[in-house]
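Chain by chain, the residues:
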Amino acid sequence: MSALLGVNIDHVATLRQARYARNATSINVEPDPVEAALAAERGGAVGITAHLRQDRRHVVDRDIFRLKESIATKLNLEMGNSPEIVAIALKVLPADVCLVPESREEVTTEGGLDCITHRATLESTLQAMSDAGIRVSLFIDPEPAQIAAAALLRTPVVELHTGAYAEASGTARDAELARLVKAARLASDSGIQVNAGHGLNYGNVAPILSLPKLVELNIGHSIVSRAVFVGLEQATREMVALLQ
Ligand code: PXP
C-alpha cells in the first residue's frame with residue numbers, strides 16, 4: 001500500500017504575500033513558489049499543486065504560468081469552477097485541474113463539491129477541460145451520493161476530502177477512515193481514479209494508505225510547515241518515505 005505525492009506549494013506564496021502583496025515589484029520579493037516546486041520535485045514529488053483563488057490570496061496568475069513552464073513533473077491546478085478561472089486554466093493548460101468549492105471567507109477549502117446541485121455547470125467545465133486535454137479531478141466528500149454523481153459526470157479522477165478524518169480522533173477517526181475506504185471502493189469500482197487530500201500530515205497519513213486503489217495524495221500545509229525547519233526538499237523526502 002503506497003501512494004504518490006503531489007506537493008501543494010500555496011503556503012510558500014502565502015509567506016511571500018504576507019510581506020509583498022502590495023509591493024509585488026520590490027527587488028526583495030521572496031520566497032518564490034517556483035523554487036519551492038523544484039525543491040519538492042528533488043524530494044520526490046510526482047506533481048505540484050497550486051490553488052489559484054479568486055481573491056489571489058497566495059498564488060497569483062504569474063505563478064501558475066511560471067510553474068507550468070518550469071516544473072519537470074505535472075501541474076495540478078486547484079480551482080473553483082468560475083468562468084474567470086476556467087478561462088485561465090484553458091490558457092495555462094495544466095496536466096490536471098482539481099475543481100473545488102470556493103468561498104471568499106473560508107481560510108482553506110472547507111467541504112467537498114456538491115456534484116448533485118452543481119451538476120450542469122460541472123458538466124460543461126469537465127467537457128471544456130477534456131476538449132483541451134486537461135484531466136479533471138473533482139474534490140468531494142467521501143459520500144456515496146457524491147461518488148455516484150461524480151460517476152454520472154464521467155470524471156476521470158476524484159480527490160476524496162480527508163479533512164474530517166484529519167480533524168477527528170479515537171473512534172470518530174476510525175469511522176471517518178471507514179467512510180473514506182468505502183468511498184474509495186465505490187469510486188474505483190466505477191472506474192474513477194482515487195486521489196485524496198486535505199489536512200494530512202506526518203502523523204495521520206499512514207492509515208490513509210489503506211484506501212483501496214489510492215493513487216495520489218495532495219499535501220501542502222504540513223510539508224511547508226516542516227520545511228521551515230528542515231527545508232522543502234527534505235520535508236518532501238520524509239513524506240514520500242512515509243507513503244512508500
Ligand atoms: N487538496 C485540496 C483539494 C485542497 O483544497 C487542499 C488545500 O488547499 C489540499 C489538498 C491540501 O491540503 P493541506 O494544505 O491541508 O495539506
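In the block above lies the structure referred to throughout.
Since this is a predicted model, take the numbers as computed values, not measurements. Residue indices follow the written sequence of each chain, beginning from 1 at its first position. Where local features are concerned, this predicted model is filtered to residues with pLDDT of at least 70; where side-chain atom pairs are given and counted, the filter is 80 or more; whole-chain, interface and lining totals use all residues. Side-chain metrics rest on all non-hydrogen atoms present in the structure, leaving aside hydrogens and water.

## Things to note about the overall build of the protein chain
What counts is decided by this rule: What counts as a helix is a DSSP run of H or I of at least four residues, what counts as a strand is a run of E of at least two, and both are numbered from the N terminus. In this description the radius of gyration comes from C-alpha coordinates, and the expected globular size is given by 2.2 Å times residues to the power 0.38. Only protein chains enter the calculation, and the probe is 1.4 Å; a residue is then buried if its accessible area is under 20% of its type maximum, exposed if over 50%, and partly exposed in between. In these tables, accessible area is a Shrake-Rupley quantity obtained with a 1.4 Å probe, and a residue counts as shielded only by the protein chains included in the view.
For the protein chain, the helix and strand inventory stands at 10 helices and eight strands. Relative to the compact-globule value of 18 Å for 244 residues, the protein chain shows a C-alpha radius of gyration of 17 Å, a close match. Expressed along its principal axes, the backbone C-alpha trace of the protein chain runs to roughly 50 × 40 × 35 Å. For the protein chain, buried positions account for 50% of its 244 residues. Accessible area of the protein chain: about 11,200 Å², with a carbon and sulfur share of 54%.

## Points about the nonpolar core
Applied cut-off: The definition of a nonpolar core used throughout is a set of buried Ala, Val, Leu, Ile, Met, Phe, Trp, Tyr and Cys residues joined through side-chain atoms within 4.5 Å. In what follows, a contact means two residues having at least one pair of non-hydrogen atoms within 4.5 Å.
Formed by 70 residues in total, the largest nonpolar core has its most connected members in Leu138, Leu160, Leu211 and Leu217. A total of six residues in this core trace back to one element, the largest contributor, which is helix 8 (residues 170-189). Excluding residues that lie within four positions of it along the chain, leucine 211 makes contacts with Leu160, Leu177, Leu180, Val181, Ala184 and Ala196.

## Notes on the packing of helix 2 (residues 33-42) against helix 3 (residues 61-70)
Axes are the key here: two packed helices are described by the angle between their axes and the distance separating the axes. Threshold: In this analysis, axes come from line fits to C-alpha atoms, helices being fitted only over the stretch in contact, and the angle between any two N-to-C directions falls in the range 0 to 180 degrees. Should the near helix be turned anticlockwise from the far one by less than a right angle, the crossing is termed left-handed; should it be turned clockwise, right-handed. Throughout this entry, Asp, Glu, Lys and Arg are counted as charged residues, while Ala, Val, Leu, Ile, Met, Phe, Trp, Tyr, Cys and Pro are counted as nonpolar. The remaining residues, Gly among them, count as polar.
It is at 9 Å that the axes of helix 2 and helix 3 come closest, and there the two elements cross at 35 degrees. At the point where helix 2 passes helix 3, the crossing takes the right-handed sense. Mapping the contact onto sequence places Pro33, Val34, Ala37 and Leu38 in helix 2 and Asp63, Arg66, Leu67 and Ser70 in helix 3. Here the residues of the contact of helix 2 with helix 3 sort into five nonpolar, one polar and two charged.

## Examining a nonpolar patch on the surface
So the rule is basically this: Two distance rules govern patches: like charges are joined within 9 Å, and nonpolar side chains (Val, Leu, Ile, Met, Phe, Trp, Tyr) within 5 Å, applied only to residues with over 30% relative accessible area and no salt bridge. Each salt bridge in this description consists of a side-chain nitrogen of Lys or Arg and a carboxyl oxygen of Asp or Glu lying within 4 Å of one another.
Among the surface-exposed residues, Val228, Phe229 and Val230 lie close enough to one another that they form a single nonpolar patch of about 330 Å² accessible area. With respect to the element layout, valine 230 can be found in helix 9 (residues 221-230).

## Thoughts on the site of the ligand
Where we set the bar: Proximity criterion: a residue is near a molecule or strand once any of its heavy atoms comes within 4 Å of it. Nitrogen and oxygen atoms within 3.5 Å of one another constitute a polar contact, given that in protein one can donate a hydrogen and the other can accept it, and given that sequence-neighbouring residues count only through two side-chain atoms.
The local shell around the ligand holds 14 residues, among which Glu78, Glu159, Gly199, Gly220 and His221 are the closest. In the model, a nitrogen atom of the ligand is placed 2.4 Å from a nitrogen or oxygen of the glutamate 159 side chain. A distance of 2.8 Å separates an oxygen atom of the ligand from a polar atom in the backbone of glycine 199. Burial of the ligand by the protein chains amounts to 94% of its free accessible area of 400 Å².

## Regarding the sheet that holds strand 4 (residues 96-99)
Rule in force here: The rule for pairing is simple: two strands pair if DSSP sees at least two bridges between them.
Read around the barrel, eight strands follow the order 1-2-3-4-5-6-7-8 and close on themselves; strand pairing throughout is parallel. Across the sheet, the mean angle from the axis of one strand to that of its neighbour is 25 degrees, orientation sign disregarded. As paired elements, strand 2 (residues 47-51) and strand 3 (residues 74-79) share five bridges and run parallel to each other. By the bridge assignment, glycine 47 is partnered in strand 3 with lysine 74. Here helix 3 sits on the sheet in contact with strand 2 and strand 3, set at roughly 160 degrees to strand 3.

## As for the state of the cysteines
Convention followed: Two cysteine sulfur atoms form a disulfide, by the criterion used here, when they sit within 2.5 Å.
If you walk through the whole model with that rule in mind, you get zero disulfides. Free cysteine: cysteine 98, not disulfide-bonded; nearest cysteine sulfur from cysteine 115 at 11 Å. A relative accessible area of 1% places cysteine 98 in the buried class.

## Things to note about the packing of aromatic side chains
Threshold: Stacked, edge-to-face and tilted are the three classes for Phe, Tyr and Trp ring pairs, Trp counted by its six-membered ring, which pair at centre distances within 6.5 Å; planes under 30 degrees apart are stacked, over 60 edge-to-face, the rest tilted. Only when the NZ atom of a Lys or the CZ atom of an Arg is both within 6 Å of the ring centre and within 35 degrees of the ring normal do we say a charge sits over the ring.
Scanning the model with the defined rule gives zero aromatic pairs in all. One Lys or Arg, arginine 173, reaches over the ring of tyrosine 165 and ends 4.8 Å from the middle of that ring.

## Some points on the pairing of strand 6 (residues 157-161)
Going by this rule: By convention, orient the strands away from the viewer: a clockwise path from the first strand over the helix to the second makes the crossover right-handed.
With five of five residues buried, strand 6 lies mostly within the body of the structure. In strand 6, alternate side chains face the same way, and those of Val157, Glu159 and His161 on one face and Val158 and Leu160 on the other are all buried. Bridge count for strand 5 (residues 135-140) against strand 6 is four bridges, and the pairing is parallel. Of the residues in strand 6, the one forming a bridge with phenylalanine 139 is glutamate 159. With helix 6 (residues 144-152) bridging strand 5 and the parallel strand 6, this β-α-β connection has right-handed handedness. The sheet contact formed by strand 6 and strand 7 (residues 193-197) spans five bridges and is parallel. By the bridge assignment for strand 7, valine 157 is matched with glutamine 193.

## Some words on the pairing of strand 7
For strand 7, a buried count of four out of five residues is recorded, marking the element as mostly surrounded by other parts of the structure. Bridging between strand 7 and strand 8 (residues 214-219) involves four bridges; their strand directions are parallel. Bridging from a neighbouring strand, asparagine 195 pairs with glutamate 216 of strand 8.

Honestly, that's just the spatial picture; any functional story needs more than this.
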